[in-house]
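Each chain, letter by letter, is given below.
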Amino acid sequence: MSNAESEPPETGEAIGEKLTELAKRRGYFFRSSGSYGGVGGFYTFGPQGASLKGNVEDAWRDRFAIAEGNMEIDAPTIMPEPVFEASGHLDGFDDMLIECPDCGTSSRADHLVEDETEYEDAESLPIHEVEEIIAEYELVCPECGAGLAGVAVEEFNLMFATNIGPGDSQPGYLRPETAQGIFVEFPRLKEYARNQLPFGVTQIGRAYRNEISPRRSIIRTREFTQAELEYFVDPEADEPNLERVEDVELTLYPASEQRNDDGSEVETTIGSALEDGIIGDPWVAYFLGVAKPWYEAVGVDMDRFRFRQHLSGERAHYAADCWDAESEIDGNWIELAGFAYRGDYDLSKHADHSGDRFTVFKQYDEPQTVERATVDPDMSYLGPEFGGDAGAVAEELEALAGRDRSAFEADAVEIELEGETHEIPAEKTGFAVEEQTEAGEHVVPHVVEPSFGIDRLVYTVLHHAYREDEVDGEQRTYLELEPEVAPTFVGVFPLQNDDALEEQAREIVADLRDAGLSVTYDDSGNIGRRYRRQDEVGTPFCVTVDYETIENEETTVTVRERDTTAQKRLPVGDLAETLSAIRAGEMAFEEL
RNA sequence: GCGCGGAUGGUCUAGUGGUAGGACCUGAGCCUUCCAAGCUCAUGGCCCGGGUUCAAAUCCCGGUCCGCGCACCA
């Protein structure tokens, strides 16, 4: 177990409940299918939430696809069973649960068998065998000691199963991660990359896990959105451009510190963390360095953010080094993203299972000439001599030529086949040593995988943006969302119900929308109420048309900033341009 | 999946075996020359299914969902 949930920074009071209430009331997110009683683990993003989420996805795409020069694809969410046999999800995602008839405790049946008997890989055994083993060894409930012999073992796979087409002849599954959609299409994707390593493929999409108990709002759901990058590299040749990120400062929580009782987080830079060996892999380090400023830009509070290294027991067996991005929410650390060096695990598995080629041809600088021992067996001799074994004999000859040329120097070549020794006259083997020119080799790329959870990030962004303060003695709740991700960028109001003011305000709305800004118009109640309404959904700016606007020669409006409630008067003509510049981060409100 | 607690307008909540009230929000109107003001009016609710009862939002059972703990989290 990690102590990932220990020692949260002492910032922020518990605001999860208030946020959930606000999210429901204002349209960020809410439980799905409420009219039918609701369903666990599924949430709908309302108008505000969908917009915020879309903006976060756009920001991710800008940074991890476009700015890095990576491709983006959009693969199906349902894939056929063999894909998941290859990926390991069909077996590895399978839990065997056994429930104690006395105390009701559920245990992992496969773990019980592995712990208490000499069986080592109980997970791969069929259910009935596990049940037999439990009966045979008279295993008991680890909690209360009651006998478990004869108790049914229940299989629980975290993947949602379905059927493709009529009947159940072609089982399929909803993908438990978006990554497989990329790996499966690798042979074609590498063509689009013109067979050049390194290259990256991104995907933003839904993934599905039939969680036993979804919890904590949209933090752990059964359907969620991931943004993943699979970056394919030549492990021999490719190196990340660390200069771009080496000065990025970050908070790390390495495995070594987690094991200490008084372990603590480490403040360092990408460059020194690599030098000190804290981060093991330069590619992982590179993407941590890209991710940190990005998280900051979309509104994650860097005082409540860290990268935590996986402990060795926590890592998947193929992952050499693995770090999670984590944010702190009401005293708990939640996982926002995982950065794993997956080696050639995924591509090799799919190569084995599909028979397709998951490699990239890497041309040498200079063609290389190598001596290679080859055989060309005389099958008209081997056939009559060995009958049905002739093919196997030929294969063994070829293998032998590869490992021991001297075996072919005698008049007769000895080979072993199923324990028997056979002699083949040397002249019948067609043995030769030839010079071959090789232009390059097929390499299985290694994969670096930054994998982001979007829903959790949206929740974190809202949580970290939540503010309460007082304006003129009145309580105020507002969301300090970054302009780049805020669902609505500007609200436009007439100061009062007045045809002239309203007409002018509607013109401004049209202008701003033409400029591509997300605008809302509001003329209900009084001006203060409208400001508060926009504050609560996190709209960064409000524009108000008053009598000065329509009476003075120069048409001006007030622009009011959300966080400070400060106002400035600006000419209408420059409004769209100025606000667009602010949204793009090229200008600050204070500079106006 | 187990245990404990919960579920009343959009939101937050009061409530008793005799068919539900408030606040906020929302909408209409009045008022209003910049921060949830005031006045009038309006919309809208007892999670679902069974049982007990003359009568159930209330008591009982089951389910669904939510929160917490346990287990689970490739």
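Please read these numbers as outputs of a predicted model, since none were measured by experiment. (Residues numbered from 1 in each chain as written. Chains lettered and ligands numbered in written order. Predicted model: local features only at pLDDT ≥ 70, side-chain atom pairs only at ≥ 80, totals over all residues. Heavy atoms only, no water.)

Participant: A description of the protein's contact with RNA strand B should follow, citing residues and the corresponding values.
Facilitator: Glu21, Arg209, Tyr531, Arg533 and Thr558 are the nearest of the 46 residues found near RNA strand B. One nitrogen or oxygen atom from the side chain of Arg529 is found 3.0 Å from a phosphate oxygen belonging to RNA strand B. Among the elements that line the surface near RNA strand B, the one with the most residues is helix 17 (residues 527–537), at six residues. Each residue belonging to the surface near RNA strand B can be placed in one class, and the counts come to eight nonpolar, 19 polar and 19 charged. (Near = heavy atom within 4 Å. Polar contact = N/O pair within 3.5 Å; in protein donor to acceptor, adjacent residues only side chain to side chain. Helix = DSSP H or I, 4+ residues; strand = E, 2+ residues; numbered from the N terminus. Nonpolar A, V, L, I, M, F, W, Y, C, P; charged D, E, K, R; others polar.)

Participant: How would you summarise a negative patch on the surface if you had to cite specific residues and measurements?
Facilitator: On the surface, Glu243, Glu246, Asp247, Glu249, Glu267, Glu275 and Asp276 cluster together to form a negatively charged patch. Among the residues examined, Glu246 registers a relative accessible area of 34% and is labelled partly exposed. (Patch = residues over 30% accessible without salt bridge, like charges linked within 9 Å, V, L, I, M, F, W, Y side chains within 5 Å. Areas by Shrake-Rupley, 256 points an atom, 1.4 Å probe, with all protein chains shown as cover. Salt bridge = Lys/Arg side-chain N within 4 Å of Asp/Glu carboxyl O. Lys, Arg positive; Asp, Glu negative; His and termini not counted. Charge placed at Lys NZ, Arg CZ, Asp CG, Glu CD. Buried < 20%, exposed > 50% of the residue type's maximum accessible area, 1.4 Å probe, protein only.)

Participant: Please set out the pattern of salt bridges residue by residue, giving values where relevant.
Facilitator: Counted by the stated rule, this structure contains 26 salt bridges. The closest approach of N and O atoms between Asp301 and Arg304, which form a salt bridge, is 2.9 Å. With its nearest N and O atoms 3.0 Å apart, the salt bridge here joins Arg476 to Asp469. Since its relative accessible area comes to 2%, Arg476 is described here as buried.

Participant: Account for the side chain of Arg562, with residues named and values stated.
Facilitator: Counting through the fold element by element, Arg562 comes out in the loop between strand 27 (556–561) and strand 28 (567–571). Of the polar contacts made by the side chain of Arg562, one reaches the side chain of Asp563; its length is 2.6 Å. When near neighbours in sequence (up to four residues on either side) are disregarded, Arg562 contacts Arg476, Tyr478, Leu479, Glu480, Leu481, Asp535, Gly538, Thr539 and Pro540. (Contact = heavy atoms within 4.5 Å.)

Participant: Lay out unusual backbone geometry with the relevant residues and their values.
Facilitator: For the bond running from Leu197 to Pro198, omega is -5 degrees, close enough to zero to count as cis. A positive phi angle is found at Asp472, which is not glycine, with a value near 50 degrees. Relative to the helices and strands, Asp472 resides in the loop between strand 22 (466–471) and strand 23 (474–479). In this model, Thr565 sits at a positive phi of 60 degrees, which is unusual for a non-glycine residue. By the element assignment, Thr565 lies in the loop between strand 27 and strand 28.

In short, shape yes, function no, at least from these values alone.
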